[in-house]
Amino acid sequence: MFQDKEMVNDYLAGLNASLTGYANIIAQTNNAELRQTLIQLRNQDESRQRTLYSYALQKGHYKPAAPASEEVVLQLKNQLMTDMQN
């Protein structure tokens, strides 16, 4: 029988996979109405994912990675900005 932690982590993994799928499909969809529907579905899943993530964090079912240092954040930001300009 599943425990609370296992169910939460399984559902989170499923939501994360669906968000990746939506991103790929939305980017390739030419029909405007279908694209808008997919965006709405993705937004709903993002909301569910954030709610479940907060629950998992509160219950101790999930421990995020340590925050990046300011130096690492700045370095990544600069790299992304450089890549966008090229």
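Residues numbered from 1 in each chain as written. Predicted model: local features only at pLDDT ≥ 70, side-chain atom pairs only at ≥ 80, totals over all residues. Heavy atoms only, no water.

## Some words on the side chain of His61
Next, step 1: Mapped onto the fold, His61 is located in the loop between helix H2 (32–59) and helix H3 (70–85).
Next, step 2: In terms of polar contacts, His61 uses its side chain to reach the side chain of Asp4, at 2.8 Å. (Helix = DSSP H or I, 4+ residues; strand = E, 2+ residues; numbered from the N terminus. Polar contact = N/O pair within 3.5 Å; in protein donor to acceptor, adjacent residues only side chain to side chain.)

## What about the packing of aromatic side chains?
Next, step 1: Throughout the structure, instances matching the rule amount to one aromatic pair.
Next, step 2: Ring plane angle 65° and centroid distance 5.3 Å describe the contact between Tyr53 and Tyr62, whose orientation is recorded as edge-to-face.
Next, step 3: For Tyr53, a relative accessible area of 18% puts it in the buried group. (Phe/Tyr/Trp six-rings, centres within 6.5 Å; stacked < 30°, edge-to-face > 60°. Buried < 20%, exposed > 50% of the residue type's maximum accessible area, 1.4 Å probe, protein only.)

## Some words on the nonpolar core
Next, step 1: Residues Val8, Leu12, Leu15, Leu52, Tyr53 and Ala56 constitute the largest nonpolar core, which totals six residues.
Next, step 2: Aside from chain neighbours lying at most four places away, what touches Tyr53 is Leu12, Tyr62 and Pro64. (Core = buried A, V, L, I, M, F, W, Y, C linked by side-chain atoms within 4.5 Å. Contact = heavy atoms within 4.5 Å.)

## Description of the side chain of Gln49
Next, step 1: Within the secondary structure layout, Gln49 lies in helix H2.
Next, step 2: A relative accessible area of 15% places Gln49 in the buried class.
Next, step 3: With sequence-adjacent residues up to four places away left out, Gln49 is seen in contact with Leu12, Leu15, Asn16 and Leu19.

## Some thoughts on the environment of Arg48
Next, step 1: By the element assignment, Arg48 lies in helix H2.
Next, step 2: According to the relative accessible area criterion, Arg48 is partly exposed, its value standing at 37%.
Next, step 3: Taking the C-alpha atoms as reference points, Arg48 and Tyr11, separated by 37 residues in sequence, lie 9.9 Å from one another.
Next, step 4: If sequence neighbours within four positions are ignored, Arg48 has contacts with Tyr11 and Leu15.
Next, step 5: Separated by 2.6 Å, the side chains of Arg48 and Asp45 make a polar contact.

Geometric descriptors of this kind do not, in isolation, establish any biological role.
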